[in-house]
Amino acid sequence: MAAGEVHTGRYRRVPPEGGWGLLVGVGMAMMFVVTLGSLPSFGLMFGDFLTDLGEETSAIALITSCFFSALSFAGLFTNTLMKKTSCRTVGLIGAVSYIIGSMMTIFVRSTNELLISFAVFQGAGFGLMIPVSYTTFNAYFVEKRVVMMSVAQTLIGLGTMFYPIFIQRSMDAFGFRGCMAVLAAINSHTLLAMLVMHPVQWHMRRVPLEYDPVPTSAPVAVAVADEKSPKTEDDFQELPAGQGLSQRNAKLRASRRASSIPGLGNWSGPVVVSDSTERDTKPATKWQILVDFLDLTLLKDPIYVNIVLGISFALYSDLAFFTLQPMYLFMLAFSKTDVSLIIAIGAGADLISRIFLAISSTCLNIKARYVYLAGALFTIVARFAFLCVFDFYGMAIVTAIMGFLRTWIHVPLPLVFSEYLPQERFPSGYGLFMFLQGNITFAIGPIVGYIRDVTGSYNVSFHVLTLVMALCVIPWFFEICYIRLKRKARTPELGHVTIPMIQETKA
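Below you will find a few notes about this structure. (Residues numbered from 1 in each chain as written. Predicted model: local features only at pLDDT ≥ 70, side-chain atom pairs only at ≥ 80, totals over all residues. Heavy atoms only, no water.)

### Notes on the overall build of the chain
Per the secondary structure count, the chain includes 16 helices and five strands. The proportion of buried residues among the 507 residues of the chain is 55%. Within the chain, contacts between residues at least 6 apart in sequence are counted, and of these 83% link residues at least 24 apart. Looking at the chain as shown, the accessible area adds up to about 22,900 Å², and 66% of this sits on carbon and sulfur atoms. (Helix = DSSP H or I, 4+ residues; strand = E, 2+ residues; numbered from the N terminus. Buried < 20%, exposed > 50% of the residue type's maximum accessible area, 1.4 Å probe, protein only. Contact = heavy atoms within 4.5 Å. Areas by Shrake-Rupley, 256 points an atom, 1.4 Å probe, with all protein chains shown as cover.)

Here you go:
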């Protein structure tokens, strides 16, 4: 049975694979365009403002670090909030927080005020909307998930490509505070994006139930729809043999794999078998409550830890690099028009890369983690070339290359976790990652700004960021090599075994 299917009587209710789901996809794309579009243009928006205050690189590093720290804390609590209220309500709370922060930026007069408005309110709001958008999208699409995610990624790339040019023209036409007012109006569309995140149960379609008797000794676990959340495989009930499921559906559910990069949420990975009867009947301690709340048992898994650390370092390096790039170009005497055009070229290359990944994923079956690793490795090479060019055309070409590779770092990110984690642990595992990633960013973020202020050199700061990117590539490379060598040394007594997600009981 595919994700989200619910059997009731003589028919089953399945995700719509379209219909209202199209609005969900558009809403997700809209949310990411208005939120992600402003991050690479942070220097364009606030560069002159921070320069007038006598704070430039250090302030940018601190604010962006706090932004992702707030994002991570909010993402950590999203899973718990979605258990207490509806997924859509959590998204609306995030949208309201993001809009409040956007309106506050119109009136900022100091770095501390910008820190509160942009980093705290907008960062926390973004952190709440990300899991809500992913969860709702996954609930609406199963068979067409690859196609719809490709369309959504294309829309996101198209929107972010024109964002820096739009910001620069708004700055020229309305000034700093006028531009902030325009952006606040645009950011208000996040509220509309979250409003369309209806629970999938409101739009499920009916499909005739396939009868395929199964042994009475093997009741089949059936997903129970939750009115408050699109996640429909968290709880299970037994299905009598007389209303047996199709074995084909059971096998399909057990053998799902993340077959392509745009196919966000095609789950695979280790199967976690848990039995509620094995739980300790003693009252849980405060530490146990914290462990269960944050799912800290994942930290015992060295591969998960390596994934979290690698992606955290790569994301910080990427975002800090593109945040500092406009300031570096201004130092090289590029005009604001040239800088906005170079940023737009990088965003255009990002769009082309998204389309390339969407098309190539239909022909090639490559693990998302390998794509991520390749993107990080080639980005390191491209950055060395970036520091060797000083003219407009050379800078535009290298920025386009880095923009093309940037997609390989951002788009496969959720799939890296969904390939490794079982579906029921993805929300907590991804939330724990967001929490750790935000704290890592907050810890190392001001360091780059401090290095820039002490040395007075952007080149040194960029080399440090490249070294941080290498902290993703090198450990991942050694892990992959170690696992492959270990597999070769192991006697192949058993082939690959797929464990079906079916609970058996003895007669």
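From this point on, the discussion continues.
### Points about the nonpolar core
With 123 residues, the main nonpolar core has Ile 311, Tyr 372, Phe 417 and Phe 433 as its most contacted residues. Sorting elements by how many residues they give to this core places helix 10 (residues 302–331) first, with 16 residues. When residues no more than four places from it in sequence are discounted, the contact partners of Tyr 372 are Ile 311, Ala 314, Leu 315, Trp 408, Ile 409, Leu 413, Val 416, Cys 472 and Trp 476. (Core = buried A, V, L, I, M, F, W, Y, C linked by side-chain atoms within 4.5 Å.)

### Concerning the packing of aromatic side chains
Enumeration according to the criterion identifies 27 aromatic pairs in this entry. Consider the rings of Phe 356 and Phe 404, whose centres lie 5.8 Å apart with planes at 45°: the pair is tilted. With Phe 356 in helix 11 (residues 336–361) and Phe 404 in helix 13 (residues 392–410), this residue pair connects regions lying 48 residues apart in the sequence. For Phe 356, a relative accessible area of 42% puts it in the partly exposed group. A relative accessible area of 25% means that Phe 404 is categorised as partly exposed. An aromatic cluster is built from Phe 32, Phe 42, Phe 46, Phe 49, Phe 67, Phe 68, Phe 118, Phe 126, Tyr 134 and Phe 176, whose rings are joined through pairwise contacts. Between the NZ or CZ atom of Arg 452 and the centre of the ring of Tyr 458, over which it lies, the distance is 4.0 Å. (Phe/Tyr/Trp six-rings, centres within 6.5 Å; stacked < 30°, edge-to-face > 60°. Lys NZ or Arg CZ within 6 Å of the ring centre and 35° of its normal.)

### Observations regarding the environment of Met 395
With respect to the element layout, Met 395 can be found in helix 13. Given the relative accessible area of 0%, Met 395 is considered buried. When the C-alpha atoms of Met 395 and Leu 329 are compared, they prove to be 9.2 Å apart, with 66 residues separating the residues in sequence. Sequence-distant contacts of Met 395, defined by excluding residues within four places in its chain, comprise Tyr 328, Leu 329, Leu 332, Phe 334, Ile 342, Phe 386, Val 389 and Phe 390.

### Describing the side chain of Thr 441
Mapping Thr 441 onto the fold places it in helix 15 (residues 426–455). Non-local contacts of Thr 441, meaning those with residues more than four positions away in its chain, are made with Ser 65, Phe 68, Tyr 316 and Pro 446.

### Thoughts on the pairing of strand 2 (residues 11–14)
Going residue by residue along strand 2, you find Arg 12 and Val 14 tucked away on one face and Tyr 11 and Arg 13 left uncovered on the opposite face. The sheet contact formed by strand 2 and strand 3 (residues 205–208) spans four bridges and is antiparallel. Its bridge partner lying in strand 3, Arg 12 is registered against Val 207. (Pairing = 2+ DSSP bridges.)

### Notes on a positive patch on the surface
Taken together, Lys 367, Arg 484, Lys 486, Arg 487, Lys 488 and Arg 490 make up a surface patch of like positive charges. Note on placement: Arg 484 falls in helix 16 (residues 458–489). (Patch = residues over 30% accessible without salt bridge, like charges linked within 9 Å, V, L, I, M, F, W, Y side chains within 5 Å. Salt bridge = Lys/Arg side-chain N within 4 Å of Asp/Glu carboxyl O. Lys, Arg positive; Asp, Glu negative; His and termini not counted. Charge placed at Lys NZ, Arg CZ, Asp CG, Glu CD.)

### Some words on the pattern of salt bridges
Opposite charge on two side chains lets them pair, provided their charged atoms get close. All chains considered together, the criterion is met by five salt bridges. A salt bridge links Arg 406 to Asp 318; the nearest nitrogen and oxygen atoms lie 2.8 Å apart. Of this pair, Arg 406 sits in helix 13 while Asp 318 sits in helix 10, and the two are 88 residues apart along the sequence. Comparing Arg 406 with Asp 318 shows no difference in burial state: the two are buried. Note that Arg 354 and Asp 350 form a salt bridge whose closest N and O atoms lie 2.6 Å from each other. In this pair, Arg 354 and Asp 350 are both assigned in helix 11, four residues apart and thus about one turn of the helix distant. Classification of Arg 354 as buried rests on a relative accessible area of 10%.

### Overview of the packing of helix 11 against helix 13
For the pair helix 11 and helix 13, the least separation of the axes is 7 Å and the interaxial angle reads 35°. Seen from above, helix 11 lies across helix 13 with right-handed handedness. For the pair formed by helix 11 and helix 13, the contact residues are Asp 338, Leu 341, Ile 342, Ile 345, Gly 346, Ala 349, Asp 350, Ile 352, Ser 353, Arg 354, Phe 356 and Leu 357 on the first element and Phe 392, Met 395, Ala 396, Thr 399, Ala 400, Gly 403, Phe 404, Arg 406, Thr 407 and Trp 408 on the second. Here the residues of the contact of helix 11 with helix 13 sort into 13 nonpolar, five polar and four charged. (Axes fitted to C-alpha atoms, helices over the stretch in contact; angles between N-to-C directions. Left-handed = near helix turned anticlockwise from the far one by under 90°. Nonpolar A, V, L, I, M, F, W, Y, C, P; charged D, E, K, R; others polar.)

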